[in-house]
Amino acid sequence: LNRHYFALPTNPGEQFFMFCTLAAWLITQAGRPFQQPQEYDDPNAIISNVLSELRSFGRPVDFPPSKLKAGYGEQVCYVLDCLAEEALKHTGFSWKRPVYPTEEPEEEEITEDDAELILNKLEEDVAVEDSDNEENFIDLNVLKAQTYRSDMNDIAKQEEILQSTTDAAEWNLEVERVLPQLKVTVRTDNKDWRIHVDQMHQHKDGIESSLKETRGYLDKLHNEISRTLEKINSREKYINNQLEHLVQEYRSAQALLSEAKQKYQEGSGGVTARSRVLSEITEVLERVKQETEEKGSSMTDGAPLVKIKQALTKLKQETIQMDIQIGVMEHTLLQSKLKEKSNMTRDMHATVIPESTVGAY
C-alpha cells in the first residue's frame, strides 16, 4: 500500500475491505482477539465492532459510522492511526536514534597532465579547498610557505651568480623523487555544480551519438512503412476496380432487400390489424353462441315449470293454514266478546257489587 492509499478515492469497495482487514490485524496486534472479516460480511456490523474496540482503548469517536463505509478519508486515517499506536504500545516498540553509514573517501587516479602545478593555480586550489573544507593529500599552505621562503632565499643570493652549477642528471633525479609529492588529488563532491555540468555534457554526447544511430533505423523504418502503405493503396485501387460491378450488384440487391422488408412490414401490419378484428368478431360470436345455447336450454328444459308448480302448491297450503288460523282467531275473539257481554249484564242486575270486582273495570 502506498502512503496515500486511504487518503484518495480509487476503488471504494476494495479500499473498504482493505481498511477492515488492516483494522482487524491491528486490533489483534494490540492484544485484543478480533475475527478477521470476510468479503461478504455485513459492513455495518464490521464498522460497529471496530468502533467498539476503538472506544475500549479510550479513543474518542465523534463521527458517524457511515463515514467509514467509503474506505477513505480523514476518519479512516484517524481510526488506523489510533489502532497503530495501540499496537505499537502493546508490542513495546520504541524509536531509536538513526545510525548513518560511514562513507570512506575514494581515491582517484591522477593523470600525468596534473603533475605540474603553477603557483597561481595552486593558490586557487588552496582557496577552494579552504572554502569547501575538503581534505588533500598534502597541505598546500605549507607548500606555499616553503616556496615563498625558497624564493626569498634566491633573491637574497648574490646577483653575480649567473651560471648554474647543478648537475642535470641530479636535477632530473630530484624531480622524479619530488614529483609524486607534487600530485594533488581533490575529492569530488556529488553536490558540486561542476560535476552536474560534466554529467549533463556526457549525457548530451551519449544522446547525440545514440540519436545518430537510431535516426538511421527510424528513417529506414519510415521508408519501409511508406512503401508498404503505397503498395496497400495501389492494391486497394486495383481491387476496387476489379470488383466494382460486384459492388454495384450488391448495392442493387441491398436496395431490393430494403424494399421487400418495407413491403413485408406493411403487409405484416395489415395482417396484425385484421387478426385483431378477427379475434374481436370471434369473441362476439362466441358470446352470441353462449347466449343462444342458454336460451334454447331454458326453453326446452321443464325444470322451471316444475318449480313453479311446486311453488303454487306450497302457496295453496300456506293459504289454507292461514285461513284456519284466521277462523280460530275469529272464534276466540267472538267468545271473548260474548263472555264480556254476559258479565256486564250480570253486574247490572246485581244489587250488591262485590269488592273484589270493583277494580276490575
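Residues numbered from 1 in each chain as written. Predicted model: local features only at pLDDT ≥ 70, side-chain atom pairs only at ≥ 80, totals over all residues. Heavy atoms only, no water.

(A) Fine view of the nonpolar core. Membership of the largest hydrophobic core comes to 26 residues, with the highest contact counts inside it found for Phe19, Leu68, Val79 and Leu83. If you list the elements that add at least two residues to this core, you get α1 (12-29), α2 (43-56) and α3 (74-91). Ranked by residue count, the leading element in this core is α1, at seven residues. What Leu68 contacts, discounting residues up to four positions off in sequence, is Phe16, Phe19, Ile47, Leu51, Phe63, Gln75, Val76 and Val79. (Core = buried A, V, L, I, M, F, W, Y, C linked by side-chain atoms within 4.5 Å. Buried < 20%, exposed > 50% of the residue type's maximum accessible area, 1.4 Å probe, protein only. Helix = DSSP H or I, 4+ residues; strand = E, 2+ residues; numbered from the N terminus. Contact = heavy atoms within 4.5 Å.)

(B) Examining a negative patch on the surface more closely. A contiguous patch of negative charge, built from Glu286, Glu291, Glu293 and Glu294, is present on the exposed surface. Here Glu293 lies in helix α8 (residues 244-300). Its relative accessible area of 58% is what places Glu293 among the exposed residues. (Patch = residues over 30% accessible without salt bridge, like charges linked within 9 Å, V, L, I, M, F, W, Y side chains within 5 Å. Areas by Shrake-Rupley, 256 points an atom, 1.4 Å probe, with all protein chains shown as cover. Salt bridge = Lys/Arg side-chain N within 4 Å of Asp/Glu carboxyl O. Lys, Arg positive; Asp, Glu negative; His and termini not counted. Charge placed at Lys NZ, Arg CZ, Asp CG, Glu CD.)

(C) Highlighting the packing of aromatic side chains. Under the definition given, this model contains two aromatic pairs. Seen from their ring centres, Tyr5 and Phe6 are 4.9 Å apart, and the 90° between their planes marks the pair as edge-to-face. Neither Tyr5 nor Phe6 differs from the other in exposure class; each is buried. Ring centres of Phe63 and Tyr78 lie 6.3 Å apart, and the angle between their planes is 90°; on these two criteria the pair is classed as edge-to-face. Placement of the pair is Phe63 in the loop between α2 and α3 and Tyr78 in helix α3, with a sequence separation of 15 residues. For Phe63, a relative accessible area of 12% translates into the label buried. What makes Tyr78 partly exposed here is its relative accessible area of 28%. (Phe/Tyr/Trp six-rings, centres within 6.5 Å; stacked < 30°, edge-to-face > 60°.)

(D) Spotlight on the packing of α1 against α3. Across the interface, α1 lies against α3 with an axial gap of 8 Å and an inter-helix angle of 25°. One finds that α1 runs roughly parallel with respect to α3. Every pair of crossing elements has a handedness; the one defined by α1 and α3 is left-handed. Contacts between α1 and α3 pair Phe19, Leu22, Ala23, Leu26, Ile27 and Gln29 from the former with Val76, Val79, Leu80, Leu83, Ala84, Ala87, His90 and Thr91 from the latter. Looking at the contact of α1 with α3 residue by residue, the class counts come to 11 nonpolar, three polar and no charged. (Axes fitted to C-alpha atoms, helices over the stretch in contact; angles between N-to-C directions. Parallel < 35°, antiparallel > 145°, perpendicular 65-115°, else oblique. Left-handed = near helix turned anticlockwise from the far one by under 90°. Nonpolar A, V, L, I, M, F, W, Y, C, P; charged D, E, K, R; others polar.)

(E) Region of interest: the pattern of salt bridges. Summed over the entire model, instances satisfying the criterion amount to four salt bridges. The partner of Glu53 in a salt bridge is Arg32, with the nearest N and O atoms 3.5 Å apart. Here Glu53, found in helix α2, pairs with Arg32, found in the loop between α1 and α2; they are 21 residues apart in sequence, far enough to count as distant. Looking at Glu53, the relative accessible area reads 17%, which means it is buried. Since its relative accessible area comes to 29%, Arg32 is described here as partly exposed. Of the charged contacts, one joins Arg59 and Glu86 as a salt bridge, the two residues approaching to 3.3 Å between their closest N and O atoms.

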